[in-house]
Each structure stands twice: as C-alpha cells, then as structure tokens.
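What follows is the residue order along each chain.
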Amino acid sequence: MATLPQITIYRPLETSPDDWVASLMAKNPPEGFHFLHQKKGCVFSMATLDKYIDNEERYGIQPLETPNDQALKTMSSGEQKKALLTHLLQMEPDFMVLVDPYDNLDTISTERLKRYFHELSKTMILIQIISRITAAFHFSTQFYAFHHTLLQPFTSVQELHHYVLSTKNIQAITIPDPLFSPKTLGEELVSFHKVSVSFGNKKVLHQVDWTVKHGEFWHLVGPNGSGKSTLLQMITGDSTKAYGQEIYLFNKQKGTGESVWEIKKHLGYFTASMTTTFRGYDNLIHMLIAGLHDAIGLYVKPTETEIRLAMSWLRTIGLYPKREQQFRQLNEGEKRLLMTARAMIKHPPLLILDEPAIGLDDRYTKLLVDLINTFAEKSKSALIYVSHKQEKGLTPKYRLTLTPTPQGSKAKVG
Ligand SMILES: Nc1ncnc2c1ncn2[C@@H]1O[C@H](COP(=O)(O)OP(=O)(O)OP(=O)(O)O)[C@@H](O)[C@H]1O
C-alpha cells in the first residue's frame, strides 16, 4: 500500500488559516493539494469544540457522546478533546485537519495522542496546523509555513524549524507603575485549609492546603482534569463549592457576607477564552483603560493620566503603533498580550493568569513569559500562573502541583 501524504504546516499568529481550511472542507482544495479533491474532511480544533459548547449552551444540543451525559463545558480539556476526536472519527472522514492538537494537554495526554495520530496516519491523511514547532509530527512527509495567505514549502522539518527560529523576536520592556498604590490587604491573600471537592461520585480535590501571600509568584500546575479550574473558581467566586469550606480570601472567611464584586475588585484575571467574549470595537487605549475600572467597555471619558498610562503599557507590549486600531483587528497573539496587560494595569493585589500561552506561537509565548516574569519581579502583586505543564522560561518562586489520586487530587508545594 502506498504511504499517504502527511502534512505539517507552521502558522505564525499573524496569519489565519481559516480560509485555507474552509476551501479544503468545501472539497475545493487549494493549489498543491489536489489529492484532496472531492475528499471528505473534518477539523479537530478548539474552534470546533467551541462551536459545540456554544450550541450546547444556547440550544441544549450536543451531539458528542460524553460519560454520564456530562455537559461538555464542565469537562476538562483532555476529556473534551477525547469526546471530539471520537465524534469526528465516527464520521469516517478521508482526511483530518488538526489545529494545534496538543494545546491544553498535559505531557501524558500529549504523548498518548501523538501515538494515536501515528497509528491513524497509516489509514488517513492528517494535516497538522501548528503554532509551536515542537508539536510537529515526526512522521510528516510534507512541510509548509503560512506566509500571509500562501504556503511556503520546506524540504524537511529541520529546514522548517530553522525558518521558525530565524523569525524576529519581540522584546518586553519596562512595567509602568500603577496610578494609585494598591490597597494593603494583609499578608495572606488566599488561604485554603483542607479543602475537598467532589462532583457527584467524582472526587476532584482532596484536603488541599494552600496559602498565597502578598507579592508571591506561584505556578499552579497539574495534568488535565486535576482540578486547577475548580480551585481557581473558588477564588474568583465562580463556584458554589467554596461554601462551607475553610477558605480565607483577602483576610475574610469565604461565606461571611462578602460579595463577588468585592472579591473581583482585588483581582486581575485573564484566561485565553476571554479574548472571544469581547466584541472588540473599542480601540486599544480604551480596552486597557477599561481594565482600571473592572469594566468590559469604557463608559466614562478617560482622563489624561489614564490615557498616558495606557500609552506606556502599549509601548511595553509593542502595540503602540496600533493604539487607535480596534481590538478585533489584532492577531491572536497581540490580543493575548493586550488582555494580559489589561489584567495587570491596575496592579491588582492578586493577578491570576489561566493558561495564557495556549494557542500562542513560539515568539508570542516568549514575549508573554518575559512580560509576566518582569511584572512578577517589579510589581507588588501576587501572581498565580496556571498551566498543565512547565512553561519554558517562566520563573515562579513557588509551585503548587496537583496530583490526581482516587480520593481526589492532592496538592504539594515545591
Ligand atoms: N460542574 C461539574 N460537573 C461535573 N464534573 C465537573 C464539573 N466541573 C468540573 N468537573 C470535573 O472535575 C474535574 C476537574 O476539572 P477541572 O476543569 O477543574 O480540571 P483542570 O485541571 O482545570 O483541567 P484542564 O487542564 O484540562 O482544564 C474534571 O474531571 C471535570 O470533568
């Protein structure tokens, strides 16, 4: 049997593969891909998953099979990807486009999926579109990089790798001071004492003890489904599981009358999915200033001082030349940087960054990591960086690792 072509395409974040993928799905492949003419394809991507989650939320429709009919939205990233892959394979496609297939996945799930794709490649054409070169399939036979809307071919993965490394790096610079000194809220900002959480029979967290103090830089790390989001939601006020537990936030015991609004005032929060909640008609200056007011949009006229502060932040993240553009006109990497700066601008007592580097290419990841390290060093804010794996170049002082056990995940400092 002739071996099937297997394709790796590197995508810098300033390019969008959407039109290219759409032409494949319309059975009308672009030049060079005529072997896919009239072939049936499907797309394994976060966008496909988001579409299913959106349908589930809006219309209660959800064609993916999930254990015990669990809502897709409440599943961990690994569980969601497994459900999506099973569903797509049931459609018996001739080829599959995989957009950043390992994003959100921990090392073990990534290795498992890699082996699975290798097996699948023996019977199906796989087209991998990646923004991190380390994710390239070792079994690929063709290599490309998006250059604007065109594909530039390479003869080997080494040649492609070399090309990616040669693309220009952007440098983060100084962190602007806050407009006002942040409020003093005592030494301990977050304190969990023997916190356990279950959903029905599923035990998620087991007797977690954790204290985050003023100015500390933490990395919260754990494999998919280990309960990182569950733990965070008890801080941000987005989970009812915090009630009846011994949790102190900003020196007050949880459940003693504090409003979610009061808690959010002390928080800066960013998660990658937030970039899609903004319609994005505001310009970059206004987007940043809204972060000072904990608002989605800007409803009051900004002061001169606020505008100057926003300009300084835009210089820091290299977006000053685009200051008058609308947020929606930015590429995904630029959006992430802007939203991270927006969470930082008021120097909140506690800054939480939940998987901020997911989906970013190598260059933007480095820039984001530089920005976060510098902010942690120069500001008085405590910082919790959350991810399912170690992030290259990140320099947290403390690490809380969640390790799943049958009683729920146990937490270990160090
Ligand atoms: N509302 C819910 N109902 C049922 N199960 C839930 C609910 N919320 C979370 N879970 C389950 O709790 C477990 C932990 O999920 P959580 O999202 O906290 O993990 P995570 O470490 O953040 O994972 P990931 O890195 O994949 O995002 C998962 O098995 C998930 O399915």
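Residues numbered from 1 in each chain as written. Predicted model: local features only at pLDDT ≥ 70, side-chain atom pairs only at ≥ 80, totals over all residues. Heavy atoms only, no water.

Trainee: So what's going on with the pairing of strand 15 (residues 398-403)? Residues and values would help.
Mentor: In this sheet, strand 15 lies alongside strand 9 (residues 217-221) in parallel orientation, the contact comprising four bridges. Each bridged residue has a counterpart across the sheet, and for Trp218 the counterpart in strand 15 is Tyr398. (Pairing = 2+ DSSP bridges. Helix = DSSP H or I, 4+ residues; strand = E, 2+ residues; numbered from the N terminus.)

Trainee: An account of the sheet that holds strand 15 is needed here, citing residue identities and associated values.
Mentor: Taken together, six strands build an open sheet; the order of strands is 12-13-14-9-15-16 and the sheet is mixed. Every interior strand has two partners, whereas the edge strands, strand 12 (267-271) and strand 16 (410-413), have only one. Averaged over all pairs of adjacent strands, the angle between their axes in this sheet comes to 15°, without regard to strand direction. As paired elements, strand 9 and strand 14 (residues 382-387) share five bridges and run parallel to each other. Considered in strand 14, the bridge of Trp218 is made with Ile384. Together, strand 9, strand 12, strand 13 (350-354), strand 14 and strand 15 form the strand contacts of helix 6 (residues 228-236), whose direction differs from that of strand 13 by roughly 150°. Its contacts with the sheet put helix 11 (residues 362-378) on strand 9, strand 13 and strand 14, and the angle it makes with strand 14 is roughly 155°. (Axes fitted to C-alpha atoms, helices over the stretch in contact; angles between N-to-C directions. Contact = heavy atoms within 4.5 Å.)

Trainee: An account of the site of the ligand is requested, with residue identities and associated values reported.
Mentor: Taken together, 18 residues lie near the ligand, and Gln70, Ser77, Lys228, Ser229 and Thr230 sit nearest. Contacts to the ligand include Asn224, whose side-chain N or O atom sits 3.0 Å from an oxygen atom. Of the residues in the shell around the ligand, the class split is four nonpolar, 11 polar and three charged. Here the shell around the ligand spans two domains, and each of domain 1 (7-166) and domain 2 (188-413) adds at least three residues to it. (Near = heavy atom within 4 Å. Polar contact = N/O pair within 3.5 Å; in protein donor to acceptor, adjacent residues only side chain to side chain. Nonpolar A, V, L, I, M, F, W, Y, C, P; charged D, E, K, R; others polar. Domains from an automatic or database assignment.)

Trainee: Can you lay out the side chain of Ser191 for me, pointing to particular residues and giving the numbers?
Mentor: Structurally, the position occupied by Ser191 is in strand 7 (residues 188-199). Of the polar contacts made by the side chain of Ser191, one reaches the side chain of His193; its length is 3.0 Å. A polar side-chain atom of Ser191 sits 3.5 Å from a polar atom in the side chain of Thr211. Discounting residues that sit within four places of it in the chain, Ser191 has contacts with Trp210, Thr211, Glu246, Ile247 and Tyr248.

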